[in-house]
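Remarks on the overall topology
Each chain, written out:
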Amino acid sequence: MMEEIKEKVEIWNNIKEANEKEDYYYKNIFPASIKRFVDKFSSEKYKEYSLLISMVGFSPEPIIFFINLVKPERVGLITTSGSKKSLDRIYEFSSLPPSKYDIFEIDENKPEEIYEIIRKISEKNNSGKILIDITGGKKIMSATGGIASSYFGFDIGYIDYTDYDQTLRRPVPFTEFPFILPNPFEIYSDLEMGKIINYYNALNFKTAIDLLRVLREKNPVKMYQFSVIENIVRFYDNWFEFNFETAMKIYEKNISNIKLPVIVFDVLKEQYNLIK
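Read on for an overview of the structure. Predicted model only: the values in this text are computed from it and were never measured. Numbering of residues starts from 1 in every chain and runs along the sequence as written. Local features in this predicted model are restricted to residues whose pLDDT is 70 or higher, and side-chain atom pairs enter the listing and the counts only when it is 80 or higher, whereas totals over whole chains, interfaces and linings include all residues. Only hydrogens and water are removed before side-chain values are computed, so all heavy atoms of the structure are retained for them.

**Re the pairing of strand β5 (residues 155-161)**
Here is the rule: Strand pairing is assigned whenever DSSP identifies at least 2 bridges connecting the two strands. Helix and strand assignments come from DSSP, with helices taken as H or I runs of at least 4 residues and strands as E runs of at least 2, each series counted from the N terminus. Looking down the strands as they point away from the viewer, one classifies a crossover as right-handed if the path from the first strand across the helix to the second runs clockwise.
By the bridge criterion, 3 bridges tie strand β4 (residues 129-133) to β5 in an arrangement that is parallel. Residue pairing across strands places L131 opposite D155, the latter belonging to β5. Crossover connection from β4 via helix α7 (residues 139-151) to parallel β5: handedness right-handed. Alignment of β5 against strand β8 (residues 176-181), held across 6 bridges, turns out to be antiparallel. Counterpart to G157 in the pairing with β8 is I180.

**A short note on the nonpolar core**
Let me state the cut-off plainly: Residues belong to one nonpolar core when they are buried, are Ala, Val, Leu, Ile, Met, Phe, Trp, Tyr or Cys, and are joined through side-chain atoms within 4.5 Å. A simple rule labels every residue: compare its accessible area, found with a 1.4 Å probe on the protein chains alone, to the largest value its type can have, and call it buried under 20%, exposed over 50%, or partly exposed in between.
Counting residues in each nonpolar core, the largest one holds 34 residues, and the members touching the most others are F30, I67, L77 and I90. Elements represented by at least two residues in this core include exactly α1 (2-14), α2 (18-41), β1 (49-55), α4 (61-70), β2 (74-79) and α5 (86-93). When residues in this core are grouped by element, the largest group, 9 residues, is from α2.

**What about helix α10 (residues 223-240)?**
Applied cut-off: How far a helix is expected to stretch is found by multiplying one less than its residue total by 1.5 Å.
Taking 1.5 Å as the rise per residue, α10 with 18 residues should run 26 Å; its terminal C-alpha atoms sit 26 Å apart, in good agreement. Restricting attention to buried positions, one finds in α10 the residues F226, V228, E230, N231, I232, V233, F235, Y236, D237 and N238.

**Some remarks on unusual backbone geometry**
Although it is not a glycine, F174 sits at a positive phi angle of roughly 75 degrees. Among the structural elements, F174 can be located in the loop between β7 (170-171) and β8. You will see that L203, though not glycine, has its phi angle at about 65 degrees, which is positive. Counting through the fold element by element, L203 comes out in the loop between α8 (184-201) and α9 (205-218). Using a relative accessible area of 48% as the deciding quantity, one classes L203 as partly exposed.

**What about the sheet that holds β2?**
Filter applied, for reference: Axes here refer to lines fitted to C-alpha atoms; in helices the fit is confined to the stretch in contact. Angles between the N-to-C directions go from 0 to 180 degrees.
The 6 strands lie next to each other as β3-β2-β1-β4-β5-β8, forming an open sheet whose pairing is mixed. The open sheet has two free edges, formed respectively by β3 (101-105) and β8, since each of these has just one partner strand. With direction set aside, neighbouring strand axes in the sheet form an average angle of 25 degrees. Across 5 bridges, the pairing between β1 and β4 is parallel. Within β4, the residue paired with Y49 across the bridge is K129.

**Some details on the packing of α2 against α4**
Our working rule: Angles below 35 degrees are treated as roughly parallel, those above 145 as roughly antiparallel, those between 65 and 115 as roughly perpendicular, and all remaining angles as oblique. Helix crossings get a hand from a simple test, with the near helix turned counterclockwise from the far one by less than a right angle marking a left-handed crossing and a clockwise turn marking a right-handed one. Only heavy atoms matter for contacts: two residues are in contact if any of them lie within 4.5 Å across the pair.
Direction vectors running N to C along α2 and α4 enclose 45 degrees, while the axes themselves pass 10 Å from each other. Comparing their axes, α4 and α2 come out oblique. For the element pair α2 and α4, the recorded crossing hand is right-handed. Every residue of α4 that contacts α2 at Y25, Y26, F30, S33, I34, F37, V38 and F41 is listed here: E61, I64, F65, N68 and L69.

Now the structure itself:
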């Protein structure tokens, strides 16, 4: 099988006429490339996304790879007037029918429209994970999509490659692979939580509370989690300051009815009972 593919790639490399070269690629190479991509990288972590949103540029292949790998319930395609011609290729080689697509056309000179699209999607999203594919589109489109998806807590996907053909200005066939980029807000939160834990352990509760409030503002996706932690720290701040009445109110209003690990809840309840 691989020898046959190598022969086809060699034939493709030797074709000079642009239209003939493109037709040969999509007929003889790309279907095998899709199969190899899905067979090699298919896993449960990619199947958990119910919605895939992709920036559409002049190379539809990365989008097609992701659609066939993720198999989402719906796909949102952010296009410009110049990139709409890629849609036919996407429909042709993807595993979803055209009815499963939502098309968002933007002005390529107004990439901020991408932010608005992702914001509206985040407001309507009630269930399922969302993956934002930033591989295609102009660089400014990908940058805007990456920033917006990070802010709203969506995962960021990218199709990378191990070899690139400088002459053809495209990845060498069969070297592509998927990559999920870590959310920078998640990384920032982890670093700040390390500082908060240190302040907490040093009984510097007020500084820990101030940092938690900053995290709530910068990471709205985890606002609830940070609020829970903040209330626990506020409880101890007042407990150690002998403001027992305030500490009891914080416990009764903000802590007593939430789900916490048993060991954490039992300790808090015991210390509440001591001042009750």
